[in-house]
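Chain by chain, the residues run as shown.
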Amino acid sequence: LQAMSGNEQDWLALRPQEPSPSQCCSSGCKPCIYDVYEKELAQWERAKAMQDKSLLMGKKEQSNNSELNPDTFTAFSVSSVEQLTEDTYQYKFELPGNSSLRLSLGQHIVLRGVVNGLEVQRAYTPISPGNAEGYFEVLIKCYEAGLMSQYIKTWKRGDVVFWRGPFGGFPYRPNKHGELLMLASGTGLAPMIPILQSITDDEEDETFVTLVGCFPTFDKIYLKPLLQDLARYWNIRIFYVLSQETSLEKIPWSYQENTYTGRLNEDLTKTIINSCRRKPFVLICGSSAFNEDMSRYLKAAGLEENSCFVF
């Protein structure tokens with residue numbers, strides 16, 4: 001019996017830690033970090049009641065088998081870091097052999113970082129095709145004061161980073177919608193890219209797409225070469241809305257006819273919807289303020305709520 005009370009402290013040390021609010025990425029993941037905690041707590045209580053620590057052996061916080069998993073974090077190593085604009089980077093991660101994340105369109109994955117001893121989790125959407133072999137790529141904007149950004153900015157080639165997922169996604173089926181209207185602000189471009197690529201890669205898919213990318217200035221448009229390539233397809237149109245540019249004069253002429261200065265407001269949204277070749281199904285991704293504004297503009301333009309999806 002004496003051994004058991006000394007045992008109490010051992011058990012306490014094994015008790016799973018309740019997540020702090022900063023660890024939840026608020027993207028509606030299934031399972032959420034809190035679900036994982038509840039499951040681990042129940043497992044710990046069962047093991048403690050039976051005084052059998054071997055019941056906890058299945059409790060793996062991290063895995064190194066490089067299979068993405070929604071419940072546990074898996075280690076992936078950074079294979080390249082490319083700075084796209086002053087605050088935005090494209091990170092490439094290695095996948096063993098020719099394996100693939102096998103993400104469905106627009107799915108996000110959750111990153112775990114530890115900053116000053118505080119664990120933080122954030123959701124990001126890979127921009128590489130879901131079936132890309134041997135690697136995946138993520139577009140990340142770093143914020144001056146962002147906790148996670150402080151951690152991300154230290155990454156260099158060869159560093160090991162922990163991800164879990166996938167979650168969410170947009171259930172896209174070829175030719176289901178006559179036209180997709182994509183309204184993206186900044187890194188909100190990320191979930192749109194794999195959908196665009198799946199449409200251009202599939203000769204049978206005749207969906208029209210109008211992508212509207214909102215950025216502060218011309219220099220801050222991400223992935224220009226990729227977007228220019230996509231815009232050459234007969235069924236893809238790309239518009240840029242630059243909130244901090246006042247005139248189109250300094251912008252290369254090849255972009256001028258598809259670029260608007262100022263903000264994407266209600267009038268411009270209506271104009272773009274009216275220029276769509278068919279009644280569009282709308283995909284929205286940006287900050288919560290951007291998403292709310294866009295939903296309001298669509299309503300004003302007479303589009304029903306069931307004809308839009310917010311990432």
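- As annotated in an unreviewed UniProt entry, the protein carries the name NADH-cytochrome b5 reductase-like and comes from Dryoscopus gambensis.
- UniProt, in its Function (unreviewed entry) section for the protein, records the words "NADH-cytochrome b5 reductases are involved in desaturation and elongation of fatty acids, cholesterol biosynthesis, drug metabolism, and, in erythrocyte, methemoglobin reduction."
- Checking UniProt for the protein, the heading Cofactor (unreviewed entry) contains the comment "FAD".

1. Notes on the sheet that holds strand β11 (residues 259-261)
1) Next: Within the open sheet, the six strands sit side by side as β11-β10-β9-β8-β12-β13. Their pairing is parallel. Bordering the open sheet on either side are β11 and β13 (308-310), each of which pairs with just one other strand. On average, each strand axis in the sheet is tilted by 15 degrees relative to the strand beside it, whichever way the strands run.
2) Next: Where strand β9 (residues 208-215) and strand β10 (residues 236-242) come together, seven bridges link them in parallel fashion. By the bridge assignment for β10, Thr210 is matched with Arg237.
3) Next: Each of β8 (179-185), β9, β10, β11 and β12 (280-285) is contacted by helix α7 (residues 266-275), which is oriented at about 170 degrees to β10, the strand it contacts most.
4) Next: Across the sheet, helix α8 (residues 288-300) is in contact with β8, β9, β12 and β13; its angle to β12 comes to roughly 160 degrees.

2. With respect to helix α2 (residues 33-49)
1) Next: If you check α2, its first and last C-alpha atoms are 24 Å apart, about what 17 residues at 1.5 Å a residue would give, namely 24 Å.
2) Next: Those residues of α2 that sit buried are Ile33, Val36, Tyr37, Glu40, Leu41, Gln43, Trp44 and Ala47. The buried side chains of α2 occupy one side of the element, clustering within an arc of 165 degrees when seen end-on. Turned more than 90 degrees away from the buried face of α2 sit Lys39, Arg46 and Ala49, all of them exposed.
3) Next: Gln51 lies just past α2 and shows a positive phi near 50 degrees.

3. Quick look at the UniProt feature "domain: FAD-binding FR-type" (unreviewed entry) in the protein
1) Next: UniProt annotation of "domain: FAD-binding FR-type" (unreviewed entry) refers to residues 71-173 when read in the numbering used here.
2) Next: The span residues 71-173 is 6% helical and 49% strand by assignment, and the distance between its end C-alpha atoms comes to 27 Å.

4. Overview of the domain arrangement of the protein
1) Next: The domains assigned to the protein are domain 1 (74-167) and domain 2 (179-304).
2) Next: Here the C-alpha centroids of domain 1 and domain 2 sit 24 Å apart.
3) Next: With 15 residues of domain 1 in contact, the opposing surface of domain 2 contributes 12 residues.
4) Next: In total, about 1,100 Å² of surface goes out of reach between domain 1 and domain 2, with carbon and sulfur atoms giving 73% of it.
5) Next: Here Glu86 makes a salt bridge to Lys220, at a shortest N to O gap of 3.0 Å.
6) Next: If you look at where domain 1 meets domain 2, you find two residue pairs in polar contact (both at pLDDT 80 or more).

5. Focus on the UniProt feature "binding site: FAD" (unreviewed entry) in the protein
1) Next: As recorded in UniProt, the feature "binding site: FAD" (unreviewed entry) lies at Arg122, Tyr124, Leu139, Lys141, Met148 and Ser149. Look at the named residues: they lie 28 residues apart in sequence, but the longest C-alpha span between them is just 13.9 Å, so in the fold they bunch up.
2) Next: The residue Lys141 is located in strand β6 (residues 135-141) in this model.
3) Next: Setting aside chain neighbours within four positions, we find Lys141 in contact with Asp87, Thr88, Ser149, Thr187 and Tyr222.

6. Considerations on the pattern of salt bridges
1) Next: One pass over the structure, following the stated rule, counts nine salt bridges.
2) Next: The shortest N-O distance in the salt bridge between Glu266 and Lys270 comes to 3.6 Å. Pair noted here: Glu266 and Lys270 are both in helix α7, with a separation of four residues, about one helical turn.
3) Next: Across the salt bridge formed by Glu304 and Lys279, the nearest N and O atoms sit 3.3 Å from each other. With Glu304 in the loop between α8 and β13 and Lys279 in the loop between α7 and β12, this pair connects stretches of sequence that are 25 residues apart.
4) Next: The class of Glu304 is partly exposed, set by a relative accessible area of 40%.

So, how was this worked out
- Residues numbered from 1 in each chain as written.
- Predicted model: local features only at pLDDT ≥ 70, side-chain atom pairs only at ≥ 80, totals over all residues.
- Heavy atoms only, no water.
- UniProt positions renumbered as here; feature names shortened; annotations may be inferred.
- Pairing = 2+ DSSP bridges.
- Helix = DSSP H or I, 4+ residues; strand = E, 2+ residues; numbered from the N terminus.
- Axes fitted to C-alpha atoms, helices over the stretch in contact; angles between N-to-C directions.
- Contact = heavy atoms within 4.5 Å.
- Expected span 1.5 Å × (residues − 1).
- Buried < 20%, exposed > 50% of the residue type's maximum accessible area, 1.4 Å probe, protein only.
- Arc of directions from axis to C-beta.
- Domains from an automatic or database assignment.
- Buried area = accessible area lost by both parts, 1.4 Å probe.
- Salt bridge = Lys/Arg side-chain N within 4 Å of Asp/Glu carboxyl O.
- Polar contact = N/O pair within 3.5 Å; in protein donor to acceptor, adjacent residues only side chain to side chain.

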